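Notes for the structure review
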Amino acid sequence: AVWPSDPFQPSNPSPTTVRTDRPRLIAPAYKWQALPSLISKDPYLKAWNDTIFGNATTWAAMDPVTYVLDGGNGILDVARQVKERIKAFSYAYRMTNDTKWADSAYRELLNAGSNSWGPSTDKWNTDHFLDTAELSAAFGIGYDWLYDTFNDTQKEYVRETMIQWGLGPGLQVFEDNASFGWWSAATIKGNWVNTYCFTCLTMSLRSRRIAFVTAA
């Protein structure tokens, strides 16, 4: 099983050069298009496909992830559960074009930004910024992978939620020298911050890079 060549070859690549099509994160459209054929030929890919669909089916029958604040890990466990569900539901949608999976993903996104999910002043628990980062990545993946099926109202909700609870606090560290627990301009070193949190925030930003410029 061999992946096809990437058709996106910008003549002047730059950090702000993004694909005109979607998805943009992790697996571009040409890989999604090739994946069904590769799965049929590769037992490893088939096993993963079956696992993801099995998880998606189980989670779709459950209530959305409940907010639980752990004194040591904040809401990291539930944030990761949200991200796992969004990835599974979004994968299932892209493999089937069945909107029931997009509906399940949006239900999770709507829940994780709702007034009843966490405190109104710090919904994504910025004092333990890994939590914020995980949820930012979850929303970025959901926005990007489900962009072609979400309506304008849904897209606006996901964009605004990412900005309010994820990208906004992250940006404040650099523009206003804000501090969120250990997340501050003086401590932006190491695995948690530079490798992990920056990656999650970048996924959130990259998923809607054009939206910042054109509101697309």
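Residues numbered from 1 in each chain as written. Predicted model: local features only at pLDDT ≥ 70, side-chain atom pairs only at ≥ 80, totals over all residues. Heavy atoms only, no water.

Thoughts on the overall build of the protein
A tally of helices and strands in the protein yields eight helices and two strands. The linear arrangement of helices and strands in the protein, starting from the amino end, is α-α-α-α-α-α-β-β-α-α. Long-range contacts, defined as pairs at least 24 residues apart, comprise 68% of the intrachain contacts of the protein with a sequence gap of at least 6. Element-wise, carbon and sulfur atoms account for 53% of the exposed surface of the protein, whose accessible area totals about 10,900 Å². (Helix = DSSP H or I, 4+ residues; strand = E, 2+ residues; numbered from the N terminus. Contact = heavy atoms within 4.5 Å. Areas by Shrake-Rupley, 256 points an atom, 1.4 Å probe, with all protein chains shown as cover.)

Looking at the nonpolar core
Core analysis: the biggest nonpolar cluster contains 56 residues, and Val 82, Tyr 91, Trp 117, Leu 135, Phe 139 and Val 158 have the highest contact counts within it. Every element with two or more residues in this core is listed here: helix H1 (29-41), helix H2 (43-60), helix H3 (76-96), helix H4 (99-112), helix H5 (129-145), helix H6 (152-175) and helix H7 (191-207). The leading source of residues in this core is H3, at eleven residues. Excluding residues within four positions of it along the chain, Trp 117 makes contact with Val 65, Thr 66, Tyr 67, Ile 75, Val 78, Val 82, Asn 111, Ala 112, Lys 123, Trp 124 and Leu 135. (Core = buried A, V, L, I, M, F, W, Y, C linked by side-chain atoms within 4.5 Å. Buried < 20%, exposed > 50% of the residue type's maximum accessible area, 1.4 Å probe, protein only.)

Some thoughts on H5
The first and last C-alpha atoms of H5 sit 24 Å apart over 17 residues, in line with the 24 Å expected at 1.5 Å per residue. The element H5 is extensively covered by neighbouring structure, given that 17 of its 17 residues are classed as buried. (Expected span 1.5 Å × (residues − 1).)

So, H2
Its 18 residues place the ends of H2 25 Å apart at the C-alpha level, agreeing with the 26 Å of an ideal helix rising 1.5 Å per residue. The complete set of buried residues in H2 reads Asn 49, Phe 53, Ala 56 and Trp 59. Taken around the axis of H2, the buried residues stretch over an arc of 130 degrees, which confines them to a single face. Among the exposed residues of H2, those pointing more than 90 degrees away from its buried face are Pro 43 and Tyr 44. For H2, the elements touching its buried residues are H1, H3 and H4. The N-cap residue of H2 is Asp 42: its side-chain oxygen and the backbone nitrogen of Tyr 44 are 2.8 Å apart. (Arc of directions from axis to C-beta. Polar contact = N/O pair within 3.5 Å; in protein donor to acceptor, adjacent residues only side chain to side chain.)

Side note on the packing of aromatic side chains
In the structure shown here, the tally under the stated rule is eleven aromatic pairs. Between the aromatic rings of Phe 53 and Trp 101, the centroid separation amounts to 6.2 Å while the plane-to-plane angle is 80 degrees, which identifies the pairing as edge-to-face. Here the residue Phe 53 occupies a position in helix H2, and Trp 101 occupies one in helix H4, the gap between them amounting to 48 residues. Of the two residues, Phe 53 and Trp 101, both sit in the buried class. Ring centres 5.5 Å apart and planes at 70 degrees place the aromatic pair Tyr 143 and Tyr 147 in the edge-to-face group. An aromatic cluster is defined as three or more aromatic residues linked by ring pairs; in this entry it consists of Trp 32, Phe 53, Phe 89, Tyr 91, Trp 101 and Trp 145. Positioned over the ring face of Tyr 147 is Arg 22, at 4.0 Å from the centre of the ring. The ring of Trp 32 has Arg 94 sitting right over it, with the charged end atom 5.8 Å from the ring centre. (Phe/Tyr/Trp six-rings, centres within 6.5 Å; stacked < 30°, edge-to-face > 60°. Lys NZ or Arg CZ within 6 Å of the ring centre and 35° of its normal.)

Some remarks on the packing of H4 against H6
Between two packed helices, what matters for the description is the angle formed by their axes and the separation of those axes. Contact pair H4 / H6: the axes reach a minimum separation of 10 Å and the direction vectors enclose 40 degrees. Taken together, H4 and H6 sit at an angle that is classed as oblique. Considering the relative orientation of H4 and H6, their crossing is left-handed. Here Tyr 106, Leu 109 and Leu 110 of H4 come into contact with H6, specifically with Gln 154, Tyr 157 and Val 158. (Axes fitted to C-alpha atoms, helices over the stretch in contact; angles between N-to-C directions. Parallel < 35°, antiparallel > 145°, perpendicular 65-115°, else oblique. Left-handed = near helix turned anticlockwise from the far one by under 90°.)

Examining the confidence of the model for the protein
Taken as a whole, the protein shows an average pLDDT of 87; of its residues, 88% reach a score of 70 or greater. Per-element confidence in the protein ranges from a low mean pLDDT of 39 for helix H8 (residues 209-214) to a high of 98 for H4. Every residue in residues 210-216 is under pLDDT 50, and counting partners more than four places away or in other chains gives 13 contacts. (pLDDT = per-residue confidence, 0-100.)

Points about the packing of H1 against H3
For the pair H1 and H3, the least separation of the axes is 9 Å and the interaxial angle reads 85 degrees. Accordingly, the angle class assigned to the pair H1 and H3 is roughly perpendicular. Residues Trp 32, Leu 35, Pro 36 and Ile 39 of H1 pack against Tyr 91, Arg 94 and Met 95 of H3. Of the residues assigned to the contact of H1 with H3, the class counts are six nonpolar, no polar and one charged. (Nonpolar A, V, L, I, M, F, W, Y, C, P; charged D, E, K, R; others polar.)

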